[in-house]
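Below, each chain spelled out in residue letters.
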Amino acid sequence: MYAIPLGDDGAELRPLEPWQAEEFLAHMDRGREFIGRHIALADAVADLESARAFLQGYADKAAADAGRIHGIWTDGKLVGGVLFRTMDVEQRTAEAGCWLEPSAVGRGLVTRATRLIIDWAVEERGIHRVEWWAAAANEASIAVARRLGMTRDGVLREGRLHRGKRHDMEIWSVLAPEWRAARQPS
């Protein structure tokens, strides 16, 4: 398996695959309440069977060129991840997302990992528009969108039901020409 360094702190980005369901579930158990405040992943991965099914769903998406999932490891431990929840190569659009357990917060891991997957999507897969959806109350996720140079497109008022409550969803995006221009050395 390959691992891509995320900097000089030993953090790595690696594919997250069905055979890693046990490790994925243990990670989710460590961060369940924190992760579940804003995203449904914590509720979707409740036991080994659902962890394996979730990862298999992304293996199927990868095979169909319709999504990808990668884990973030620090010191050999899975602490979070980034993904393309959706990817439509024909329309050249993708929706990126992330999650992180509390022990890994504040180190720039998600921003660094997301830069790598957006670079790949734009340069290797020809994606033109990458979206980032975040609950309006999820300040950390919105801060990542800003650090990535995304533009806030708007708000879907009460656009998502999560844990029995409707939440406003902010939609952010970056277009391939903007991404490339921002990545050029000054």
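Structure: see above.
We now turn to the structure provided with this report. Because the structure is a prediction, the values reported are computed rather than measured. (Residues numbered from 1 in each chain as written. Predicted model: local features only at pLDDT ≥ 70, side-chain atom pairs only at ≥ 80, totals over all residues. Heavy atoms only, no water.)

Some words on the overall build of the chain
Turning to step 1, where the next piece is worked out: From N to C terminus, the chain includes 6 helices and 8 strands.
Turning to step 2, where the next piece is worked out: N-terminal to C-terminal, the α/β element order of the chain is β-β-α-α-α-β-β-β-α-β-α-β-β-α.
Turning to step 3, where the next piece is worked out: A compact globule built from 186 residues should have a C-alpha radius of gyration of about 16 Å, and the chain, at 16 Å, falls within 12% of that.
Turning to step 4, where the next piece is worked out: Summarising its shape, the C-alpha atoms of the chain cover approximately 45 × 40 × 35 Å along the three principal directions.
Turning to step 5, where the next piece is worked out: Counting all 186 residues of the chain, 43% fall into the buried class. (Helix = DSSP H or I, 4+ residues; strand = E, 2+ residues; numbered from the N terminus. Rg over C-alpha atoms; globule rule 2.2 N^0.38 Å. Buried < 20%, exposed > 50% of the residue type's maximum accessible area, 1.4 Å probe, protein only.)

Things to note about the packing of aromatic side chains
Turning to step 1, where the next piece is worked out: Enumeration over the complete set of coordinates arrives at 4 aromatic pairs.
Turning to step 2, where the next piece is worked out: Taking 6.2 Å as the distance between ring centres and 70° as the angle between the ring planes, the aromatic pair formed by Phe 24 and Trp 99 counts as edge-to-face. Within this pair, whereas Phe 24 is found in helix 1 (residues 21-36), its partner Trp 99 is found in strand 5 (residues 93-100), the two being separated by 75 residues in sequence.
Turning to step 3, where the next piece is worked out: On the basis of relative accessibility, which here comes to 0%, the residue Phe 24 falls in the buried class.
Turning to step 4, where the next piece is worked out: A ring pair is formed by Phe 84 and Trp 120, whose centres lie 6.4 Å apart and whose planes are at 35°; its orientation type is tilted. With Phe 84 in strand 4 (residues 77-88) and Trp 120 in helix 4 (residues 109-123), this residue pair connects regions lying 36 residues apart in the sequence. (Phe/Tyr/Trp six-rings, centres within 6.5 Å; stacked < 30°, edge-to-face > 60°.)

Let's talk about the sheet that holds strand 7 (residues 151-162)
Turning to step 1, where the next piece is worked out: Spatial ordering of the open sheet is given by 1-2-3-4-5-6-8-7, a layout of 8 strands whose pairing is mixed. Here the strands that pair on one side only, and so sit at the sheet edges, are strand 1 (4-5) and strand 7.
Turning to step 2, where the next piece is worked out: Sheet topology places strand 5 next to strand 6 (residues 129-135); 4 bridges connect them, and they run parallel. Within strand 6, the position partnered with Glu 95 by the bridge is Glu 131.
Turning to step 3, where the next piece is worked out: Sitting on the sheet, helix 4 touches strand 1, strand 2 (12-15), strand 3 (68-74), strand 4, strand 5 and strand 6, and the angle it makes with strand 4 is about 35°. (Pairing = 2+ DSSP bridges. Contact = heavy atoms within 4.5 Å. Axes fitted to C-alpha atoms, helices over the stretch in contact; angles between N-to-C directions.)

What to know about unusual backbone geometry
Turning to step 1, where the next piece is worked out: Not every positive phi belongs to a glycine, and Glu 158 is a case in point at roughly 45°.
Turning to step 2, where the next piece is worked out: Locating Glu 158 in the fold gives a position in strand 7.
Turning to step 3, where the next piece is worked out: Glu 158 gets classed as partly exposed once you look at its relative accessible area, which sits at 48%.
Turning to step 4, where the next piece is worked out: One non-glycine residue, Arg 163, lies in positive phi territory at about 55°.
Turning to step 5, where the next piece is worked out: Its location among the elements puts Arg 163 in the loop between strand 7 and strand 8 (165-175).
Turning to step 6, where the next piece is worked out: For Arg 163, a relative accessible area of 41% gives the class partly exposed.

Overview of the pairing of strand 3
Turning to step 1, where the next piece is worked out: Buried residues dominate strand 3, accounting for 7 of its 7 residues.
Turning to step 2, where the next piece is worked out: Bridge count between strand 2 and strand 3: 4 bridges; the pairing is antiparallel. Bridge assignment links Glu 12 to a residue of strand 3, and that residue is Trp 73.
Turning to step 3, where the next piece is worked out: Where strand 3 lies against strand 4, 7 bridges are found, and the strand directions are antiparallel. Its bridge partner being in strand 4, Ile 72 is matched across the sheet by Gly 80.
Turning to step 4, where the next piece is worked out: Between strand 3 and strand 4, which pair antiparallel in sequence order, lie 2 residues; one of them, Asp 75, sits at a positive phi of approximately 50°.

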